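Structural overview for review
Chain residues, written in single-letter form:
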Amino acid sequence: MQALNNIITRRSYRVFKDDPILKSDLNKIIEVASNSPSYTNTQPWELAVVTGKNKDKLTGELLELAKMNAPTSPDIPKPESWPSVLEARSREHGKRRLEILGIERSDKEGREKLRLMNYEFYGAPCALFFFMDGSLGEWSVYDMGLFTQNLILAAHSLGIGSCIQASVVDYAKEIKRFLNISESSKLLACVSMGYPDPDAKLNLYRSIKKKPEQFVQWYE
Ligand SMILES: Cc1cc2nc3c(=O)[nH]c(=O)nc-3n(C[C@H](O)[C@H](O)[C@H](O)COP(=O)(O)O)c2cc1C
């Protein structure tokens, strides 16, 4: 029952308090996630945990790049388009996040401020980077997703919130250089992690989930 509730109540947070996460808690979360399933038990995951001065320095570098819209180099190419139903959901997500903050679609400055928050890890004290060997393909990406979600759920069970971010890893080349990680490694995602600020407007945002009737077919 506890596990079900943990899955149901997990959500992305986008404003965090400064309070650091205990290293013992981070170790526990990672240890729990290491029990994840993977294709023929290959366990492709490699993890960089960035906190303290290193996180502040990296934030500075990423913000600089994002502010000047420097050319990006994601290891997984961004989707160029979505099927229309998914596109509609993505737009709805963007629109509702602006609405919660009272930002008009025409307010370029407000929208840019919101975009840049990604590169500050939404103020989280910890940024996690998920890597795998550069030779690996789609099945390993699948494994990485399972590992990431388990890590996020483990954190959530300790009251630690998170946000997965593809935007940050647009600057994969620069992040790998900063972390001294081989250029040939694939950087899949960043997860910002910390204690959510309960008073922040942006944290009031809740995504809308489709109902099982919309995606399940039963063959009985
Ligand atoms: C692969 C992936 C990439 C994401 N990238 C971002 C991102 O760059 N910035 C952000 O604020 N949220 C990002 N998210 C969070 C999604 O917006 C969020 O999971 C979705 O809206 C559902 O909301 P929920 O996590 O609260 O259930 C990402 C989520 C996933 C799974």
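Figured I'd write up the structure that's included with this text. (Residues numbered from 1 in each chain as written. Predicted model: local features only at pLDDT ≥ 70, side-chain atom pairs only at ≥ 80, totals over all residues.)

1. Details of unusual backbone geometry
- Although it is not a glycine, N41 sits at a positive phi angle of roughly 55°.
- Relative to the helices and strands, N41 resides in the loop between helix 2 (23-33) and strand 1 (46-51).
- The class for N41 is exposed, based on 7 C-beta atoms found within 10 Å.
- Here the phi dihedral of Q43 falls at roughly 45°; this positive angle occurs in a residue that is not glycine.
- With respect to the element layout, Q43 can be found in the loop between helix 2 and strand 1.
- Of the residues examined, Q43 has 15 C-beta atoms within 10 Å and is grouped as partly exposed. (Helix = DSSP H or I, 4+ residues; strand = E, 2+ residues; numbered from the N terminus. Buried ≥ 20, exposed ≤ 12 C-beta atoms within 10 Å, placed from the backbone.)

2. Digging into the site of the ligand
- The environment of the ligand is made up of R11, S12, R14, H93, N118, C163, I164, Q165, A166, S167, A189 and S207.
- Here the shell around the ligand is built from residues that sort into 4 nonpolar, 6 polar and 2 charged. (Near = placed C-beta within 6 Å. Nonpolar A, V, L, I, M, F, W, Y, C, P; charged D, E, K, R; others polar.)

3. Remarks on the environment of F129
- The residue F129 is located in strand 2 (residues 126-132) in this model.
- For the pair formed by F129 and E92, sequence separation is 37 residues and the distance between their alpha carbons is 28 Å.
- In this structure, F129 is in contact with A48, V50, I175, L179, L187 and C190, ignoring residues within four places of it in sequence. (Contact = placed C-beta atoms within 7 Å.)

4. Thoughts on the sheet that holds strand 3 (residues 161-165)
- Sheet architecture is open: 4 strands sit in the order 1-2-4-3, paired in antiparallel fashion. At either end of the open sheet lies a strand with only one pairing partner, and these are strand 1 and strand 3. Strand after strand, the sheet turns through a mean of 20° between neighbouring axes, direction not considered.
- Judged from the 7 bridges that link them, strand 2 and strand 4 (residues 186-194) form a sheet pairing that is antiparallel. When the bridges of strand 4 are listed, M132 appears paired with K186.
- The strands touched by helix 3 (residues 52-67) within the sheet are strand 1 and strand 2, with strand 1 carrying the most contacts at an inclination of about 90°.
- Packed on one face of the sheet, helix 6 (residues 138-157) meets strand 2, strand 3 and strand 4 and runs near 10° to strand 4. (Pairing = 2+ DSSP bridges. Axes fitted to C-alpha atoms, helices over the stretch in contact; angles between N-to-C directions.)

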